Amino acid sequence: MNVMRKIVSILGNVRRKGRIGGFVDSALYAIKRGSAALLDDEAFVKTYYRLHTGRRLDLRDPVIYSEKLQWLKLYYRPPVMVSLVDKYSVREYVASRAGAEYLIPLLGVYDSPDAIELDGLPESFVLKPTHGSGWVILCRNKSEVDWPSVESRLRIWLKRNYYYHAREWAYRHVPPRIVCEALLEDEAGRIPMDFKVFCFGGVPEMIQVDVDRFGDHRRDFYDTSWNRLPVELKYPASGRTLPRPSQLDRMLEVASALAAPFPVCRVDLYCVGSKVYFGELTFCPDNGVASVRPVEYEFLWGEKIKLPNVRTL
């Protein structure tokens, strides 16, 4: 099992590197897709958890944070979650519970790359499939974009079902489309930092901030009063304290409104000047297998997740 965990780690690193990474990524998807014929969701999740954490998954009496996330992934299945992991349909939910003013301007929704008319789009924009996570293309100057390469990547994504990645059930039923949104920029013309608000039972408890995501990736945590927390999740901390966001209180209000119906929900938001924008909802952050340091936080966060009494599998 330790050897398998090392292989998983190596493949995860290779996936980020050019054409070889693309080949490995496709191979991993094919393997996971093929595993559906052999492993049901519960068997897959147990194996996936063991490979990534080195621990057996306790589903009968889950206690720690990562175990409870796996339990929810398997047994907590309210139908509304399908529309909430959909990057397009979630906009209606946000507008109804928080307000349409928090939505990033929508430029288009397409069933295929062939339907995208570049001439009708502004110089900068963002493309992302509706049915996945982490699939994003940032276009800062469309005249410099390698459009055939972009089209190729979009076609690959549209053919995939993100459910097979880690068996997050809701993604299985999301219709594959492409959303085009305005590209947000801060006062300095940079991509704004996103603030990931972790809510337990609709109560904001902490904020995750990722620094230098495409370089020396660091990850910091703050409480709701913007005090640094001595915890690391998957990536090491940056070692520095960022200024308190100007709209922190409003971000916490929006996160609470959106996360209220669920035992645990991460609400991703952007703060651009005096404006707050919605990013996405995540119900199983990092697929529930990222390492938490110190381990005491696995128990602290686990205590905050109140599991429902009825399984809806």
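Residues numbered from 1 in each chain as written. Predicted model: local features only at pLDDT ≥ 70, side-chain atom pairs only at ≥ 80, totals over all residues. Heavy atoms only, no water.

Visitor: Can you help me understand the packing of helix α3 (residues 41-53) against helix α4 (residues 65-75) in this one?
Guide: The axes of two packed helices give the description: the angle between them and the distance between them. Interhelical geometry of α3 versus α4 gives an angle of 160° and a closest axis separation of 10 Å. With respect to α4, the element α3 is oriented roughly antiparallel. Note on packing geometry: the crossing formed by α3 with α4 is right-handed. Of the residues in α4, those in contact with D41, E42, V45 and Y49 of α3 are S66, E67, Q70, K73, L74 and Y75. (Axes fitted to C-alpha atoms, helices over the stretch in contact; angles between N-to-C directions. Helix = DSSP H or I, 4+ residues; strand = E, 2+ residues; numbered from the N terminus. Parallel < 35°, antiparallel > 145°, perpendicular 65-115°, else oblique. Left-handed = near helix turned anticlockwise from the far one by under 90°. Contact = heavy atoms within 4.5 Å.)

Visitor: Help me understand the pairing of strand β2 (residues 125-129), please; the structure alone is not making it clear to me.
Guide: Burial analysis of β2 places five of its five residues in the buried class, which makes it a mostly covered element. The pairing of β2 with strand β3 (residues 137-139) spans three bridges and is antiparallel. Within β3, the residue paired with V126 across the bridge is L138. Alignment of β2 against strand β4 (residues 178-181), held across four bridges, turns out to be antiparallel. Each bridged residue has a counterpart across the sheet, and for K128 the counterpart in β4 is V179. (Buried < 20%, exposed > 50% of the residue type's maximum accessible area, 1.4 Å probe, protein only. Pairing = 2+ DSSP bridges.)

Visitor: I would appreciate a short explanation of the pattern of salt bridges in the present structure.
Guide: Opposite charge on two side chains makes pairing possible when the charged atoms of those side chains draw close. Taken as a whole and assessed by the stated rule, the structure comprises 22 salt bridges. Between R177 and D86 there is a salt bridge, and its shortest N-O distance comes to 2.7 Å. Note that R177 is positioned in the loop between α8 (163-166) and β4 and D86 in the loop between α5 (80-85) and α6 (90-97), a separation of 91 residues in sequence. Two residues, D186 and R190, come together in a salt bridge whose shortest N-O distance is 3.2 Å. When salt bridges that share partners are traced, they join D194, K196, R266 and D268 into one network. (Salt bridge = Lys/Arg side-chain N within 4 Å of Asp/Glu carboxyl O.)

Visitor: How should the packing of aromatic side chains be read in this particular structure?
Guide: Any aromatic ring pair is given by two values, namely how distant the centres are and how the planes are angled relative to each other. Evaluation of the coordinates by the stated rule reveals 14 aromatic pairs. With a centroid separation of 5.2 Å and 70° between ring planes, the pair formed by W71 and Y75 is classed as edge-to-face. Taken together, the positions of W71 and Y75, both in helix α4 and four residues apart, correspond to about one turn of that helix. Y75 matches W71 in its accessibility class, with the two residues each being buried. An angle of 65° between the planes, with centres 4.9 Å apart, marks the rings of Y163 and Y164 as edge-to-face. According to the relative accessible area criterion, Y163 is buried, its value standing at 3%. Members of the aromatic cluster, connected to one another through ring pairs, are Y65, F198, F221, Y297 and W301. (Phe/Tyr/Trp six-rings, centres within 6.5 Å; stacked < 30°, edge-to-face > 60°.)

Visitor: What is the right way to look at unusual backbone geometry in this model?
Guide: Leave glycine aside and you will find that most residues have negative phi; peptide bonds, for their part, are mostly trans. Going from R293 to P294, the amide bond is cis rather than trans, its omega being -5°. Here P294 is to be found in the loop between β11 (292-293) and α10 (296-304). You will see that W226, though not glycine, has its phi angle at about 65°, which is positive. When you line up the elements, W226 lands in the loop between β7 (218-222) and β8 (232-233). With relative accessibility at 8%, the residue W226 sits in the buried group. For K234, which is not glycine, the phi dihedral falls at a positive 75°. Among the structural elements, K234 can be located in the loop between β8 and α9 (248-259).

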